[in-house]
Amino acid sequence: MKSYVILNAAMTLDGKIATKTGNSEISGEKDLIRVHELRKEVDGIMVGINTVMVDNPKLTAHKVSNNIEDNPVRIIVDSNVRTPLNSNVLNDKAKTIIAISNNALSSGNNNEKIEKLKKHADVFSAGDYPVDLIKLLDYLYENGIKTLMLEGGSTLIWAMFKHHLIDEIRLCVAPLIVGGFDAKTLVDGEGFKTMAEGISLKLKNSYSLDNDLILEYDCLY
Ligand SMILES: NC(=O)c1ccc[n+]([C@@H]2O[C@H](COP(=O)([O-])OP(=O)(O)OC[C@H]3O[C@@H](n4cnc5c(N)ncnc54)[C@H](O)[C@@H]3O)[C@@H](O)[C@H]2O)c1
Ligand SMILES: Nc1nc(=O)c(N)c(NC[C@H](O)[C@H](O)[C@H](O)COP(=O)(O)O)[nH]1
């Protein structure tokens, strides 16, 4: 069994989730409240290591609650043990799991860093390289994370789609165009070769929040 995964993200109308410089303040205030309500509802929240390095997010429900018990378990997918020790995700506001690769664990080069991380987080290893997402989701489910919010970024979102691990999408489309070959889109990675291989979606809800449009889809595999 694996966790039920809800991808939540905000993109510009031209499909970017950050500018070429990594700036990603896209959602309006009402959408951010929606995101934090969702963080409060789910058991876990997962991001890729680049999102931690670029945004230094807290990944708590701090906009809607001060109660630590409302915060989901934070999961960082970090094959090479790059999580900075002063990251907000290592604060004491919620439990954190750092998922690393078996190669990073067995090389011996990261022993000191792993010991330091273990003071603030659980460290779980799966897959030689990169992190084996299927094993990670099994582990999360076995450890009580039945619902998991995926917050990005583009590379991890691709890997999760490739393995058919995303069940639902909640997307904020902001009325903005930023362009840029190097700006991250909702899904990057290697991509499928044909439309036929693409993930089909079923639109189940759509509504406006001020100037933002919220779209909700189920993934059909
Ligand atoms: N607008 C939004 O909703 C939103 C949300 C989150 C992040 N972002 C933006 O996304 C950008 C970061 O995205 P990104 O694509 O560079 O990085 P990412 O956050 O997706 O992290 C990718 C990294 O995760 C690691 N990883 C470990 N195991 C992996 C696996 N099995 N598959 C894939 N990756 C694995 C790799 O080191 C990889 O480079 C930032 O600019 C951030 O601001 C935007
Ligand atoms: N829905 C959404 N709208 C945005 O405009 C935006 N930038 C993100 N991005 C998610 C990403 O993970 C951010 O880093 C956190 O939103 C940082 O916020 P916190 O410190 O965790 O509250 N997500």
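All of these numbers come straight from a predicted model, not from anything done at the bench.

Each value, and the rule that gives it
Residues numbered from 1 in each chain as written. Chains lettered and ligands numbered in written order. Predicted model: local features only at pLDDT ≥ 70, side-chain atom pairs only at ≥ 80, totals over all residues. Heavy atoms only, no water. Near = heavy atom within 4 Å. Polar contact = N/O pair within 3.5 Å; in protein donor to acceptor, adjacent residues only side chain to side chain. Areas by Shrake-Rupley, 256 points an atom, 1.4 Å probe, with all protein chains shown as cover. Helix = DSSP H or I, 4+ residues; strand = E, 2+ residues; numbered from the N terminus. Nonpolar A, V, L, I, M, F, W, Y, C, P; charged D, E, K, R; others polar. Core = buried A, V, L, I, M, F, W, Y, C linked by side-chain atoms within 4.5 Å. Buried < 20%, exposed > 50% of the residue type's maximum accessible area, 1.4 Å probe, protein only. Contact = heavy atoms within 4.5 Å. Salt bridge = Lys/Arg side-chain N within 4 Å of Asp/Glu carboxyl O. UniProt positions renumbered as here; feature names shortened; annotations may be inferred.

## Some points on the site of ligand 2
- Close to ligand 2 lie 17 residues; Ser24, Ser27, Leu59, His62 and Glu151 are nearest.
- The separation between an oxygen atom of ligand 2 and a polar main-chain atom of Ile26 is 2.9 Å.
- Within the backbone of Leu59, a nitrogen or oxygen atom sits 2.8 Å from an oxygen atom of ligand 2.
- Within the complex, 85% of the 520 Å² of free accessible area of ligand 2 lies under protein.
- Secondary-structure elements contributing two or more residues to the shell around ligand 2 are β1 (4–12), α1 (29–41) and α2 (49–55).
- In terms of residue count, the dominant contributor to the shell around ligand 2 is α1 (four residues).
- Class assignment of the residues belonging to the shell around ligand 2 gives a composition of five nonpolar, six polar and six charged.

## Quick look at the nonpolar core
- The biggest cluster of nonpolar side chains holds 34 residues, and the ones touching the most others in it are Met46, Ile75, Leu133, Leu136, Leu150, Met160 and Ile166.
- Of all the elements in the fold, those that place two or more residues in this core are β1, β3 (73–77), β4 (96–100), α5 (133–142), β6 (147–150), α6 (154–162), β7 (168–174) and β9 (212–220).
- Once residues within four sequence positions are removed from consideration, Met160 is found in contact with Val5, Met46, Leu133, Leu137, Leu150, Leu165 and Ile166.
- One finds Val35, Val42, Val47 and Ile76 within the second-largest nonpolar core, a separate group that totals 20 residues.

## Observations regarding the pattern of salt bridges
- Summed over the entire model, instances satisfying the criterion amount to 13 salt bridges.
- Among the ionic pairs, Arg34 bridges to Asp31, the shortest N-O distance being 2.7 Å. Highlighted residues: Arg34 and Asp31, both in helix α1, separated by three residues, approximately one helical turn.
- Owing to a relative accessible area of 13%, Arg34 belongs among the buried residues under this scheme.
- Accessibility expressed as a relative area gives 1% for Asp31, which makes it buried.

## Some thoughts on the UniProt feature "domain: Bacterial bifunctional deaminase-reductase C-terminal" (unreviewed entry) in the protein
- In this numbering, the UniProt entry assigns the feature "domain: Bacterial bifunctional deaminase-reductase C-terminal" (unreviewed entry) to residues 4–215.
- The span residues 4–215 carries 24% helix and 25% strand; its end-to-end C-alpha distance comes to 18 Å.

## Describing the site of ligand 1
- Close contacts around ligand 1 come from 27 residues, with Ala10, Thr51, Ser79, Glu151 and Thr155 the closest.
- In this structure, Ile17 approaches ligand 1 through a main-chain N or O atom, which is 3.0 Å from a nitrogen atom.
- For ligand 1, whose accessible area on its own is 870 Å², the fraction buried by protein is 89%.
- When the residues that make up the shell around ligand 1 are grouped by side-chain class, the tally is 13 nonpolar, ten polar and four charged.

## Considering the environment of Asp92
- The residue Asp92 is located in the loop between β3 and β4 in this model.
- Residues Asp92 and Ile68, 24 residues apart in the sequence, show an inter-C-alpha distance of 8.9 Å.

## Observations regarding the side chain of Arg170
- Here Arg170 lies in strand β7.
- There is a polar contact of 2.9 Å between the side chain of Arg170 and the side chain of Glu168.

## What about the environment of Leu133?
- Tracing the chain through its elements places Leu133 in helix α5.
- Between the C-alpha atom of Leu133 and that of Val77, which follows or precedes it by 56 residues, the distance is 8.6 Å.
- Residues within four places of Leu133 in sequence aside, it is in contact with Val77, Leu156, Ala159, Met160, His163 and Leu165.

## Looking at unusual backbone geometry
- Each neighbour pair has its own omega, and for Tyr129 with Pro130 the value is -10 degrees, a cis peptide bond.
- Note that Pro130 resides in the loop between β5 (122–125) and α5.
- Here the amide bond leading from Gly152 into Gly153 is cis, since omega sits at -5 degrees, within 30 degrees of zero.
- Assignment of secondary structure puts Gly153 in the loop between β6 and α6.
- Despite not being glycine, Asp210 shows a phi value in the positive range, around 50 degrees.
- By secondary structure assignment, the location of Asp210 is in the loop between β8 (200–209) and β9.
- The class for Asp210 is exposed, based on a relative accessible area of 56%.

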